[in-house]
Amino acid sequence: MTQPRILMCRPSYFGIEYEINPWMNVHSGADAVLAVQQWEGLRRLLVDAGAAIEEVTPIAGLPDLVFTANAGLVFRERVIVSRFRHAQRQGEEPHLRNWFHRHGYTIEATPDGTYFEGAGDALFCGETLIAGYRIRSDALGHQRIGARLGCRVLPVELVNDSFYHLDTCFCPLSPTTAIWYPAALDEYGRRAIAGAVEHLIEVDDEEARRFACNAVVVGRNVITNTGCDALAAQLASRGYIHQQTPLGEFTKAGGSAKCLTLRLDGEDAAVWRVSTMPSSVAAEAPISETRSTTT
Amino acid sequence: MTSGINPTNSEPSATPVVPLYRDEVEVSGHIIDSLILPKVLDIITAAGGSFQIKTITIGHGRNDPSYARIEVTAPGRALLEEILSHIADHGAVPVAQQDCRRAAADMDGAFPEGFYSTTNQRTEVRVAGEWIAVADQEMDCGIVITADPPAARCVPMADLRRGERVVVGHAGVRVFPPARSAERDGFEFMASDVSTEKPKGVIIREIAAELLRCRRENRNVVVVGGPAIIHTGSGKYLCELIRDGYVQVLLAGNALATHDIEQAMFGTSLGVHLEHGGIVDAGHEHHLRAINRIRRAGGIRPAVTSGLLTHGVMYECVRHGVEYVLAGSIRDDGPLTDVVTDALEAQRLMRSAVRDAGFCLMIATTLHSIAVGNLLPASVKVVCADINPSTVIKLADRGSFQTVGLVTDVEPFMRSLVAELQAAAPARSVPHEAPQP
């Protein structure tokens, strides 16, 4: 089996320099040293879980570049690089495009006239791309991306500004199972997800605000911020290995474990990864030196 | 009357209708599974607008996207804009924001792939930001755009020429359903499923009113007729309609003209004497002899001029300048010299003949009725009188929704119609008569 590969960005220039979501407060700021420690802690857990980590170079003045989940949507050897809604993050785009280009991905533009914030708002669960819209990404863009990739897309409306990306309220664990916080979605979105995902693990308000849904999944390992004990119990009963690691400096910016990562070889929950990954990527994607093919 | 409340869009009423503003949007993707489509529709109605789904295509497989084209209407420009803005957030985008897309025909007689297939309803296309009306509206055609000044017209497949610019896709095309009258008129009343139970007297009175209106407004009335008009002895009523200026175009086949001429020359129709109903010796040959005489004369018109043909429906057509097209079929005897045996050429002539039609009366013919129904825009009212209900049903099934069906024997229908017209307008006011041939 191919080793999971995850893109991260060291928080060398991370900080709260602007406010583009309700979590951010420039006056409170973030502790830079602590942030690096927390990021290292997460990275270590991912490596321990068997993932190979690739890193995009941090850039001064782009504090949110650490949130690599928002870099784009990877689909096999293709990537749709994000077009950020807020000007404060748009400077990340050329940098990310460059990284994907250098690593052999076929880069595709976001559909004209639409915003799209990558795996922050578009997550495969089984054959379906569940896609959050309204706050950061646009429904129309999701529909067009779905048409382009030839996959089923279910755009779901996000209605709570604190859960401004889909990955803050929904996390596929497998093709048939996901964690979610339904209160962040409108009624249609809840019904659409309930119709598409067989097993849904609901988190409560308190743990949702601890970013319980912003989990990184590597095989049976699920990593979240601390303070998610109720979720831990639910995951344990389903046979998942749940690990909690402090990420408080990042939650001040509205992101947590999942936001700090981008799965480059396809999430475990994506059917296309299981069905095609070994041959197509191994053959076609000249990914970097850190890539490993050990089993 | 129940109230002064504004009527809904779907209920005709005597209450004046508030002007409606409309625009079309399209939404595509997995709009059923994601509930985006019901959500968009809910938003429209919750905001005080209404909608009509003009086109919907549902994906067959799990990964196949669906498509819906929705007409949004609202009783105010501002409200419409608000609704459009709201539903745009969910991926429903106005079709009107785009010009229509065009592709050059790469061969004669066939459209480019993806061509826009027309309906019989009033249509506009957007070219260089301006909406222009599509001329010669007809169902099952393509739309050809010409420049200087920009113009659009329906063109049948067979008539397309290489290099003509054809509209492809749905973007930049809008279709207007037939306007609903604020007031219930006879045709609204009749516009329901075909039935043998309708009060025919009321309907025939309404048809008479239409014929009078057309004559008053100088609009063309098209009659599409089958040979049963002659077999049932109703030819004389059609002659009266022609003489009184109620008919400007006759569309028929070889049979109607043949049996009409047979009747004029021999007094029989398919060998049956129309006066006493008896079978005449060698009467079965009469229609062939009639055809032969017309062919020898060089056609119906020369036969009238020479005095060979002295009465009957075709005689009256020639005498009164009624344009007629006789379209041939595979089983025709003869046929008469005037019969157009090239089906495409017959279509072209019929298309040209119905272009300015104000009303169309189809009597006792299935194939010709369907053919003409296909050619007429939805704005032309059609009455189809036939003993066979399936004729009317077939017309409606093929998209001629403007058709009112009247299940009746031809003779009493024609007799009642002529009587109704004579009662309404005993003296002929404006003769349509053409110069004597």
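Predicted model, so just to flag it, every value in this text is computed and none were measured.

1. Re the overall build of chain A
Okay, so step 1: Across its full length, chain A holds nine helices and 15 strands.
Okay, so step 2: Within chain A, the fraction of its 295 residues that count as buried is 53%.
Okay, so step 3: Long-range pairs, those at least 24 residues apart, make up 67% of the contacts in chain A between residues at least 6 apart in sequence.

2. Observations concerning the sheet that holds strand 5 (residues 106–108) of chain A
All names here are of chain A.
Okay, so step 1: Read across the sheet, three strands follow the order 3-4-5 without closing on themselves; strand pairing throughout is mixed. Strands at the two margins of the open sheet, each flanked by one partner only, are strand 3 (72–75) and strand 5. Sheet twist, expressed as the mean angle between neighbouring strand axes with direction ignored, is 25 degrees.
Okay, so step 2: Two strands pair when backbone bridges link them, and strand 3 and strand 4 (residues 78–81) are joined in this way by four bridges, in the antiparallel orientation.

3. A short note on the interface of chain B and chain A
Accessible area lost upon the coming together of the parts is a frequently used measure of interface size.
Okay, so step 1: In this complex, chain B contributes 15 residues to the contact, which on the side of chain A involves 18 residues.
Okay, so step 2: Secondary-structure elements contributing two or more residues to the side of chain B that touches chain A are strand 1 (21–29) and helix 1 (36–46) of chain B.
Okay, so step 3: Tallied by class, residues from the side of chain B that touches chain A come to four nonpolar, seven polar and four charged.

4. Focus on the sheet that holds strand 13 (residues 221–224) of chain A
Strands pair in a sheet through their backbones, by hydrogen bonds, and they do so in one of two ways: parallel or antiparallel.
Residues and elements named next belong to chain A.
Okay, so step 1: The strand order 12-13-14 describes an open sheet built from three strands, whose pairing is mixed. One side of each edge strand has no neighbouring strand; the edge strands of this open sheet are strand 12 (216–218) and strand 14 (241–244). Ignoring strand direction, the axes of neighbouring strands in this sheet form an average angle of 20 degrees.
Okay, so step 2: Of the strand pairs in this sheet, strand 13 and strand 14 are connected by four bridges, and their pairing is parallel. Residue pairing for strand 14: I223 is matched across the bridge by Q243.
Okay, so step 3: Relative to the sheet, helix 1 (residues 32–48) contacts strand 12, strand 13 and strand 14, its axis offset from that of strand 13 by approximately 175 degrees.
Okay, so step 4: Against the sheet, helix 7 (residues 229–237) engages strand 13 and strand 14, with an angle of about 160 degrees to strand 14.

5. Looking at the confidence of the model for chain B
Residues and elements named next belong to chain B.
Okay, so step 1: Taken residue by residue, chain B gives an average pLDDT of 85. The fraction at 70 or more is 86%.
Okay, so step 2: Per-residue pLDDT stays below 50 along residues 1–14; that stretch engages in 14 contacts with residues further than four places along the chain or on separate chains.
Okay, so step 3: This stretch, residues 429–437, has a pLDDT under 50; its non-local contacts, to residues over four places away or in other chains, come to 14 contacts.
Okay, so step 4: Per the prediction output, this complex has pTM 0.56; the corresponding ipTM is 0.81.

6. Section: the environment of E17 of chain A
Residues and elements named next belong to chain A.
Okay, so step 1: With respect to the helices, strands and loops of the structure, E17 is situated in the loop between strand 1 (5–8) and helix 1.
Okay, so step 2: With 13 residues separating them along the chain, E17 and A30 place their C-alpha atoms 9.5 Å apart.
Okay, so step 3: E17 has contacts with V26 and P63, leaving out every residue within four places of it along the chain.

7. Focus on the packing of helix 6 (residues 235–243) of chain B against helix 14 (residues 410–424) of chain B
All names here are of chain B.
Okay, so step 1: At a closest axis distance of 9 Å, the pairing of helix 6 and helix 14 adopts a crossing angle of 30 degrees. When the axes of helix 6 and helix 14 are compared, the pair comes out roughly parallel. In this structure, helix 6 crosses over helix 14, and the sense of that crossing is left-handed. Facing helix 6, whose interface residues are Y237, L238, E240 and L241, helix 14 presents M414, R415 and V418.
Okay, so step 2: Of the residues assigned to the contact of helix 6 with helix 14, the class counts are five nonpolar, no polar and two charged.

8. Here we look at the pairing of strand 10 (residues 177–180) of chain A
All names here are of chain A.
Okay, so step 1: Note that strand 9 (residues 170–174) and strand 10 share four bridges and pair antiparallel. Within strand 10, the residue paired with C171 across the bridge is I179.
Okay, so step 2: Taking the residues that link successive antiparallel strands as the turn, the strand 9-strand 10 hairpin has two residues.
Okay, so step 3: Here strand 10 runs beside strand 11 (residues 199–202); their pairing, made up of four bridges, is parallel.

9. Comments concerning the nonpolar core
Okay, so step 1: Of all hydrophobic cores here, the largest spans 132 residues; its most connected members are I130, C169, I179 and C213 of chain A.
Okay, so step 2: It is helix 1 of chain B that provides the largest number of residues to this core, a total of five residues.
Okay, so step 3: Each of domain 1 (21–95) and domain 2 (101–176) of chain B gives at least three residues to this core.
Okay, so step 4: Residues in contact with C169 of chain A, not counting those within four places in the same chain, are F163, W180, Y181, A184, L185, A208 and C213 of chain A.
Okay, so step 5: Core analysis: the second largest hydrophobic core is formed by 79 residues, V223, A228, I294 and I363 of chain B among them.

Cut-offs and rules
- Residues numbered from 1 in each chain as written.
- Chains lettered and ligands numbered in written order.
- Predicted model: local features only at pLDDT ≥ 70, side-chain atom pairs only at ≥ 80, totals over all residues.
- Helix = DSSP H or I, 4+ residues; strand = E, 2+ residues; numbered from the N terminus.
- Buried ≥ 20, exposed ≤ 12 C-beta atoms within 10 Å, placed from the backbone.
- Contact = placed C-beta atoms within 7 Å.
- Pairing = 2+ DSSP bridges.
- Axes fitted to C-alpha atoms, helices over the stretch in contact; angles between N-to-C directions.
- Nonpolar A, V, L, I, M, F, W, Y, C, P; charged D, E, K, R; others polar.
- pLDDT = per-residue confidence, 0-100.
- Parallel < 35°, antiparallel > 145°, perpendicular 65-115°, else oblique.
- Left-handed = near helix turned anticlockwise from the far one by under 90°.
- Core = buried A, V, L, I, M, F, W, Y, C linked by C-beta atoms within 7 Å.
- Domains from an automatic or database assignment.

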